[in-house]
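Each chain, letter by letter, is given below.
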Amino acid sequence: MSTRRHEPTAVAGRASRDRTGRALLLSFLLAVGCDLAFLVLGPDIGHQVAKPLLMPLLAAYAITRGAPRTLVAALLFGWGGDVFLLGDADWAFLVGMGSFAAGHVCYLVLFGRTRTSGLLAAVFGTALVAAVAQLWPDLPAELRIPVAGYSLLLTAMAYRSSGLGLVAGAGGALFLLSDTLIATGVAEWPQPPAPDFWIMLTYCAAQLLLATGVLLRVPQAYRESPTFV
């Protein structure tokens, strides 16, 4: 009898979390759209306001879906990177890169020992060596080693993400593309029109796909819990 009495309450709680989750996901997508529009149309202050909202909204959405703490941490480390990369100073770039690196470590923990392709490892490894070799001479001397180390961690995350499925794998690949675009800008290579637009578009898609890929692997029991574990 007591179990049956609690069933309507549990169902109502899940429905409420679902509504909240949908509202947060919509808010995230709206913030992404606004940020991209500000990057193309201006003003710059709009981007500075919208960008720091992105990852907290995505993290809040993930929590309503029963996200593991490690996923929430990965997204919030991404938020730290977003905030510091709004600055122009080299120290802010390094701190932001360090925050993103911590997020990649969180993702690697989430991916665990999932099976991945040896051929894909060769592809990612070759791409890493080629990219670093090409960028190295054009990077500022003080950034060469940090960028090379970060690139190794980023590539490992992108490769391992494929073990979680196509959705997460696509997210890892887009994250690699986004940060490669940033690196070419730091190296002062020729850029496509509106480079920041493409960087943020691929980055936001990457984080959403990675989070979705992880959530698809979260046990149903976690999804029904009112708190993340």
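Residues numbered from 1 in each chain as written. Predicted model: local features only at pLDDT ≥ 70, side-chain atom pairs only at ≥ 80, totals over all residues. Heavy atoms only, no water.

A. Representation of the nonpolar core within the structure. Among the nonpolar cores identified, the biggest contains 48 residues, and Leu54, Leu71, Leu75, Tyr107 and Phe175 are the most heavily contacted of them. When contributions to this core are tallied by element, the ones reaching two or more residues are helix H1 (2-41), helix H2 (44-64), helix H3 (69-84), helix H4 (90-111), helix H5 (118-135), helix H6 (141-161), helix H7 (166-186) and helix H8 (195-215). The element contributing the most residues to this core is H8, with 9 residues. With residues near it in sequence (within four places) discarded, Leu71 still touches Ala62, Tyr107, Leu110, Ala211, Val214 and Leu215. (Core = buried A, V, L, I, M, F, W, Y, C linked by side-chain atoms within 4.5 Å. Buried < 20%, exposed > 50% of the residue type's maximum accessible area, 1.4 Å probe, protein only. Helix = DSSP H or I, 4+ residues; strand = E, 2+ residues; numbered from the N terminus. Contact = heavy atoms within 4.5 Å.)

B. Focus on the packing of H2 against H3. The contact between H2 and H3 brings their axes to 8 Å, and the two run at 175°. Between H2 and H3, the angle is such that the two are roughly antiparallel. Across the interface between the two elements, Lys51, Pro52, Met55, Pro56, Leu58, Ala59, Ala62 and Ile63 from H2 touch Leu71, Val72, Leu75, Leu76, Gly78, Trp79, Asp82 and Val83 from H3. By residue class, the composition of the contact of H2 with H3 is 13 nonpolar, 1 polar and 2 charged. (Axes fitted to C-alpha atoms, helices over the stretch in contact; angles between N-to-C directions. Parallel < 35°, antiparallel > 145°, perpendicular 65-115°, else oblique. Nonpolar A, V, L, I, M, F, W, Y, C, P; charged D, E, K, R; others polar.)

C. Representation of the packing of aromatic side chains within the structure. Tallied over the entire structure, the rule returns 7 aromatic pairs. A connected cluster of aromatic rings, assembled from ring pairs, spans Phe100, Phe175 and Tyr203. (Phe/Tyr/Trp six-rings, centres within 6.5 Å; stacked < 30°, edge-to-face > 60°.)

D. Layout of the pattern of salt bridges. Summed over all chains, the structure comprises 1 salt bridge. Salt-bridge contacts for Arg65 lead to Asp18; the nearest nitrogen and oxygen are separated by 3.9 Å. With Arg65 in the loop between H2 and H3 and Asp18 in helix H1, this pair connects stretches of sequence that are 47 residues apart. Judged by its relative accessible area of 34%, Asp18 falls in the partly exposed class. (Salt bridge = Lys/Arg side-chain N within 4 Å of Asp/Glu carboxyl O.)

E. Quick peek at the layout of surface pockets. A volume near 650 Å³ is recorded for the largest pocket. Every residue lining the largest pocket is counted, 27 residues in all, and those nearest its centre are Leu85, Gly87, Phe93, Ile182 and Asp196. Elements represented by at least two residues in the lining of the largest pocket include exactly H2, H4, H7 and H8. Among the elements that take part in the lining of the largest pocket, H7 stands out by supplying 6 residues, more than any other. Among the residues making up the lining of the largest pocket, the classes are represented as 14 nonpolar, 6 polar and 7 charged. (1 Å grid on protein atoms, 1.4 Å probe; cavity = no way out; pocket = protein on both sides within 12 Å on 5 of 7 lines; lining within 4 Å. Points joined across faces, edges and corners; volume = space filled by probe spheres on them.)

F. Fine view of the environment of Phe28. Following the sequence through the fold, Phe28 ends up in helix H1. Beyond its immediate sequence surroundings of up to four residues, Phe28 is in contact with Leu54, Met55, Leu57, Leu58, Cys204 and Leu208.

G. Examining a nonpolar patch on the surface more closely. Together, Ile45, Val49 and Leu53 line one region of the surface with nonpolar side chains, adding up to about 280 Å² of accessible area. Mapped onto the elements of the fold, Leu53 is located in helix H2. With a relative accessible area of 45%, Leu53 lands in the partly exposed category. (Patch = residues over 30% accessible without salt bridge, like charges linked within 9 Å, V, L, I, M, F, W, Y side chains within 5 Å. Areas by Shrake-Rupley, 256 points an atom, 1.4 Å probe, with all protein chains shown as cover.)

H. Representation of the side chain of His104 in the model. Position of His104 relative to the elements: it lies in helix H4. Judged by relative accessible area, His104 falls into the buried class, the value being 1%. A polar contact is formed between the side chain of His104 and the side chain of Tyr150, at a distance of 2.9 Å. Not counting residues within four places of it along the chain, the set of residues in contact with His104 comprises Tyr150, Leu153, Leu154, Met157, Phe175 and Asp179. (Polar contact = N/O pair within 3.5 Å; in protein donor to acceptor, adjacent residues only side chain to side chain.)

I. Structural view of empty space enclosed by the protein. Per the stated rule, a full pass over the model turns up 1 cavity of 30 Å³ or more. Around the largest cavity, the lining residues are Val132, Leu135, Trp136, Leu139, Arg144, Val147, Ala148 and Ser151. Those elements that place two or more of their residues in the lining of the largest cavity are H5 and H6. With 4 residues, H6 is the largest single contributor of residues to the lining of the largest cavity. Counted by class, the lining of the largest cavity contains 6 nonpolar, 1 polar and 1 charged residues.

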